[in-house]
Every structure is written in C-alpha cells, then in structure tokens.
Amino acid sequence: MLDLDFSARIRALRSTYADIAAVLDLPKLDREIAELEEQAAAPDLWDDPAAAQKVTSGLSHRQARVKRVRSVEQRLDDLEVLIELAEEADDADSAAEAAAELVALEKVIQDLEVQTMLSGEYDERAAVVTIRSGAGGDDATDFAEMLLRMYLRWAEQHDYPTKVLDTSYAEGAGIKSATFEIDAPYAFGTISVEAGTHRLARISPFGSADKRQTSFAGVEVIPLLEEATEVEVPESDIRVDVYRSSGPGGQSVNTTDSAVRITHIPSGIVVSMQNEKSQIQNRAAAMRVLQTRLLLLQREQEAAKKKELAGSITASWGDQIRSYFLYGQQLVKDLRTGHEASQPEAVFNGDLDGFIAAGIRWRSLSKND
C-alpha cells in the first residue's frame, strides 16, 4: 500500500510547480524561442559569427529551460497514473517505483524553485571561474586542484559544458591557479554563490610530523558578457607576453609559443590562456575575459561611488565562506548558511547542490533584508 500522504505531497508539488511556471513566464519564453528560431533560420545568419553565436546560444538555453520545466508537468501526470495502477493492482513494485519517482520529483521541483531566485542582472549568463591557491604551501596548491576537480565534476553531473581556459601548475603538488568556463543557462547565477575564500583543515600528506595543516584557496566567478566585446582596449594599454604551454611540474606540453598572457597596465588585471591550439585563439579568449573583467570593474566602481555617497561601503569577496575538515569528525560546513555535509569525499566528487541551493536562498534573503 502507498503512504497516505502521497496525494497531499503531489498536490503540494503541483501548487509549487504552478508558482514556478508563473514566475518563469513560459508563454514569454515561447515567444522568445519563436523569434530566435526565425533569426536562426536566416540564410545570412553566419555572416556575423558573433551575432550568430548569440542567437544560437540564446535559443538553445531557452529551449533547454522550457523543456526542463514542461517535462516536470508530464512527470507529475505520469506519476499519478502509476499510483492509480499500483493501487488498483495492489502492486508492490509499482508502489516502490512511484515512491522513488515522487522523491525525485520533489528534488527537481526544489531545484527549479531555487532557480526562480536567480533574477540578478547577469544571472542567466555563462560563467568564468578562477581558482587561486592561497596560504598553505603544497597543501594550498593541492587544495586548489581539489576544488577545480570538484566544480568540474559538479558541472559534468548536470551536463553543463565546461572548458578549461588556463592552468598554472605548481612546482610541487597541485596548481597555483586555473580558469574554466561553464556554458549553461544561469551558470553565473548558480555558481557565483561559491565565490570567496575556502579553507581546508587536514593532516598534511606533505609533512612527516602528522600535524594538522590549514590551507586556503580563493574562488572568483564572473559572467561572460556579450556586451563586453564593446569595451575598447587600446593596444597601448596592454602588454602581451607569449610562452609555451606547460603541464604538471613545469614541463612543456607544446613546441610553439601558443600560450598568451595579457596584462592591462592601467588596472593591473592579468589574464592568461594556454588551452587553445593556437596563439591567435588564446589571445582572443584572453581578450574576451579581459574585456568582461574591465566592464565589471567599471560597473563595480560606479556602484562603489554610489555607496560612498550614501556612506556605506562594504567589501566581501575575500570573506571565508566554507570550511572543509578532513580529520577527526569529517565535515564540510558553509559559514554563511550553516549548511553542512558529513561526507567530504562526496562533496569533493561534485555533490554541491545542497550547498549551492542554500547559498542562493541565503543571497536572496540577504538582498531582501
């Protein structure tokens, strides 16, 4: 027999789903898809590759979003049919299948509900994530690599396309820094709650004294902005250095100077790219990220000026957001939300949804305070 609260839980899910569909405005998304499909069918679409990419990317993102939301409604309908069949036939296997699907749908709808909180100016954009090792020597560079793997595994589990743009390997273990792109709808709004300082506490595998070592790594997340390409960067404002791409231990992985490092002299911003096959491709990718950072810097300065005039300036990027304890009582704890997990291994294998959902809720509540 099925639990008595099945019907109540399904009614609650349908109510939540109706609210989600209303917030996402599916009819509006349908109209936008129709307009983009018309643009994508134009014979001269690829005369302007940048504009074509914007059209096709916008179309695929919206189609995926609508498909995911509407598939939930179909799954709810199918679940109710399955429950009826299970009750009529008194089928224990069907009842178990229905119970598992109900739990799965509750998770999917919870995730969709969290997505409705992504209403920031850049939230729907793709994201560029940079991880930098901090204090802690080999443990810090090893920790930075652990975080890189964690985020790539998380993206893989969600079928989000990723592309590693640059990796700077440490002389010992791990990496000094790495930059990668997540090209998925609302990637920035989702992963941006991970920005900040992460702390690892463990018995160091690199020392002989079996002492507890604390190390740090910083995570930076920026959105990829199409309008950033409109930011003019005079050649006189940048210094371009080329070098050979390197792998672990500093070994060269390319026989030509294809890697590119661009320094924006006025701001001091440095962007490196080495994972494309040619110097031209690496330079184009580096310029795109540089232009995005310059546009964001400009807007941050404007916002800071407004806050200064209002008499309240706060800076929080460097705030410690999460601790990972790998000794004694194994624990990962978010210091903003209080969300925690007792299986660090699962977290480092990409099980981040609970932390990210809690972070998005925390951010939404903080904005409303």
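Here the structure is a predicted model, which is why all the values come from computation and not from measurement.

1. Regarding the sheet that holds strand β11 (residues 340-341)
The 8 strands lie next to each other as β2-β3-β1-β5-β4-β9-β10-β11, forming an open sheet whose pairing is mixed. Looking along the sheet, the strands with just one partner apiece sit at the ends: β2 (162-169) and β11. Pairing geometry for strand β10 (residues 331-334) and β11, over 2 bridges, is antiparallel. In the strand pairing of β11, lysine 333 is matched with glutamate 340.

2. A few points about the packing of helix α1 (residues 6-24) against helix α4 (residues 92-115)
Where α1 contacts α4, the axes come no closer than 10 Å and their chain directions differ by 25°. In terms of orientation, α1 and α4 fall into the roughly parallel class. With respect to the hand of their crossing, α1 and α4 are arranged in left-handed fashion. When α1 is examined against α4, the residues Phe6, Arg9, Ile10, Leu13, Thr16, Tyr17 and Ile20 are found in contact with a partner set consisting of Ala98, Ala99, Leu102, Val103, Leu105, Glu106, Ile109, Leu112 and Glu113. Looking at side-chain class alone, the contact of α1 with α4 contains 12 nonpolar, 1 polar and 3 charged residues.

3. Re the pairing of strand β9 (residues 320-325)
Direction of pairing for strand β4 (residues 196-203) relative to β9: parallel, over a ladder of 5 bridges. The residue of β9 that forms the bridge with alanine 201 is phenylalanine 325. Bridge analysis of β9 against β10 gives 4 bridges, and the strand direction is antiparallel. Bridging across to β10, arginine 322 finds its partner in aspartate 334. Turn length for the β9-β10 hairpin, with the two strands adjacent in sequence and antiparallel, is 5 residues, and the turn residue glycine 328 shows positive phi of about 55°.

4. What about the confidence of the model for the chain?
On average, residues of the chain score 84 in pLDDT, and 88% of them reach the 70 mark or higher. With pLDDT under 50 throughout, residues 309-318 is counted as low confidence; its partners more than four residues away or in other chains account for 12 contacts.

5. Points about the sheet that holds strand β6 (residues 238-243)
Adjacent strands of a sheet form backbone hydrogen bonds with each other and so pair up, either parallel or antiparallel. Spatial ordering of the open sheet is given by β6-β7-β8, a layout of 3 strands whose pairing is antiparallel. Each edge of the open sheet is held by one strand with a lone partner, namely β6 and β8 (269-273). Each adjacent strand pair in this sheet contributes to an overall mean axis angle of 15°, direction not counted. As judged from the 6 bridges shared by β6 and strand β7 (residues 259-264), these two strands associate in the antiparallel manner. What sits directly across from arginine 239, in β7, is threonine 263.

6. Let's talk about the environment of glutamate 340
Summarising the element assignment, glutamate 340 is placed in strand β11. Looking at glutamate 340, the relative accessible area reads 43%, which means it is partly exposed. Sequence separation between glutamate 340 and serine 323 is 17 residues, and the spatial gap between their C-alpha atoms is 9.5 Å. Setting aside residues up to four positions removed in sequence, glutamate 340 forms contacts with Leu331, Val332, Lys333 and Phe355.

Cut-offs applied
- Residues numbered from 1 in each chain as written.
- Predicted model: local features only at pLDDT ≥ 70, side-chain atom pairs only at ≥ 80, totals over all residues.
- Heavy atoms only, no water.
- Pairing = 2+ DSSP bridges.
- Helix = DSSP H or I, 4+ residues; strand = E, 2+ residues; numbered from the N terminus.
- Axes fitted to C-alpha atoms, helices over the stretch in contact; angles between N-to-C directions.
- Parallel < 35°, antiparallel > 145°, perpendicular 65-115°, else oblique.
- Left-handed = near helix turned anticlockwise from the far one by under 90°.
- Contact = heavy atoms within 4.5 Å.
- Nonpolar A, V, L, I, M, F, W, Y, C, P; charged D, E, K, R; others polar.
- pLDDT = per-residue confidence, 0-100.
- Buried < 20%, exposed > 50% of the residue type's maximum accessible area, 1.4 Å probe, protein only.

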